[in-house]
Every structure is written in C-alpha cells, then in structure tokens.
Amino acid sequence: MKKITFYIAITLATISVQAQQTSFEDSQGYSAGEFIDGINGWQETSATSNYFLISNEKPSEGENSLKMVYDSQQPLIFADWNFPEALPVQDNLEISMDIYAPGGMTTFYWKIKANDEYAAYIIVQEEYVFPAIVNVVNPVPLAMAPINVGEFNEIKLIFNYTAETITYYANGEEIYQGVLWGSSEAIDQYSFEVFLFEDMFMDNLQTNASLNVQTPNDLSFIHYIQNDYLNLQSSDNMEKIEIYNILGSLIHSEAPKNSQESIAISSLSSGVYIARVKMNGKWHSFKFVK
C-alpha cells in the first residue's frame, strides 16, 4: 500500500462535518441487544444494574432506539451521555430528541448540562411535556403541553444566546419561550433520570451544530496511514487518542503515554474519520480517510 504522510504543522484549518446525531444504529457503533453503558460516551449510573438497552422493538425511524427497561425492583434509573465535542455557543442552536410516551405515571427527566451546570430541563409525564427551571435542586415547570401517548414525540429546544432565550417545541408546535436561566457555557452532556412503570424508548438525539475540527499550527506532529494502520508520531508524549466517525460517535479510545503509536484500522468501514490527540493537556484534531 502506498504510504501517505500528512504534515500538520503548516496551517490552521477548520473542517465542518455533519451535524452531531445519535440514532442508535449499527452504523454508529451500536448493536441491538447490548446495554449502552461505556459506548460512545454513555455511562449508566443506576444503582444496581443495566437498564438502558439498544433495542429494535420500537424505533422512531431506522432500526434501533434506546429502550429504558422497567424493573419493579429498580424503577428509578439514571444515565449520562458525554459529548465527544461540546456544542458551539451560537444563536439558533437546536437540540432535539424523539421520546416514546407510554402514559401512566412514568416520569422522564432530560437534563441538558454545560460544564456540570444545568442549561435546560425537560420533564415528560403522563401525556404532557413540561419545560422546567431548576430552583435550588427542584425543577419547577414553566409550561405544560400535551403529547401523544403510545407514540414517539419530538421535543426540541432552540437556544438564542444573544437574546438570552430558550424556545421549547413539542411535535413542531412552540409551547414556551423563556429566559436563558441556566449556564450559558457550551452544552457538553445530557443526563437522564427515569421513574418507570413500564418500558420507555428514546431515539434521534440531534443538533444542528456542526463538529468543528482544527489542526494545530505550532506542533511537531505527523500522521500517516500504511498497511491498514494509522501511525502517529509527535515530539511530545500523547496522553490520549480518540477516533470518531463522521456522525460524532466514539469508535476508539486509548491512552498510550508515548510519542509514537500505530492503531489498526482494518475493521473500519471506508469513509471519513476524525482523530483527536491530547498532548500537554490540550486536544488537537485532524481528519483522515480510510
């Protein structure tokens, strides 16, 4: 195979790729029947076991969704999703998800976080959705709008940082606009708390923000692909290496603690990938093609 070498110490470039999206499909690194803990930035923090499961039972679209499994012995479950890249602080930033509402007393809390602080808060209970504000530790509903029981519903928020507002939508209808009451830093995590009385499903976590990749301009660092290996060489020790697909899903992570590393990429499908390398406490990113 021809050796292709890229020198990254020449210019500063920004690459915009497809908006971040998670639909729990096989192409994004998910497989039906597996628990989500430890996959692509997901961490389940429930007390006793795994209850967040990739399922093909009830997708909003595509083949899979994320099932929240009811267990009468453990009805309260928790999970966090840490983004590979924080969302940009930009006007008209949209985030959305599809949530299947089973009705009854099942209660779903979607906590949008920025640097460990609340940026927004959504409650889905019975046949309603409630935008909320966190007052000390308790969420206080700001509005109430009906949603469809036994179906998927799209919940969307639009952030306008200049006007300091959040606008909330349910199934395309505006239900409330209020002040930007929480953190105005970059959104970097979703946290979920669910009190179940039966199974519940979520799908299509989306944003209109693009993943921006910058190459460093003051770094002695090269990368090249040879014989189905991504080879990395640096003048400084690499503290961590991560590889993401074009949809922003984490597919490889390691902490080499040295200045040279070769990563097998034979199992990757043909396409464009983003690699991030942490050196001297700072992240540097580049794009490569398999």
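Everything quoted here is computed from the prediction, not taken from an experiment.

1. Some words on the sheet that holds strand β24 (residues 282-289)
Thinking step 1. Here we have four strands laid out as an open sheet, ordered β21-β20-β23-β24, and antiparallel in their pairing. Each edge of the open sheet carries a strand with a single partner, namely β21 (250-254) and β24. Taken pair by pair, the neighbouring strands of this sheet meet at an average axis angle of 15 degrees, ignoring direction.
Thinking step 2. Bridge analysis of strand β23 (residues 272-279) against β24 gives eight bridges, and the strand direction is antiparallel. Bridge pairing in β24 places V272 opposite V289.

2. Section: the environment of Q74
Thinking step 1. Its location among the elements puts Q74 in the loop between β5 (65-68) and β6 (76-82).
Thinking step 2. When the C-alpha positions of Q74 and A47 are compared, they lie 8.1 Å apart, and in sequence the two are 27 residues distant.
Thinking step 3. Not counting the four nearest positions on each side in its chain, Q74 is found in contact with A47, T48 and Y51.
Thinking step 4. Looking at Q74, its side chain comes within polar contact range of the main-chain oxygen of L76, at 2.8 Å.

Criteria and thresholds
Residues numbered from 1 in each chain as written. Predicted model: local features only at pLDDT ≥ 70, side-chain atom pairs only at ≥ 80, totals over all residues. Heavy atoms only, no water. Pairing = 2+ DSSP bridges. Helix = DSSP H or I, 4+ residues; strand = E, 2+ residues; numbered from the N terminus. Axes fitted to C-alpha atoms, helices over the stretch in contact; angles between N-to-C directions. Contact = heavy atoms within 4.5 Å. Polar contact = N/O pair within 3.5 Å; in protein donor to acceptor, adjacent residues only side chain to side chain.

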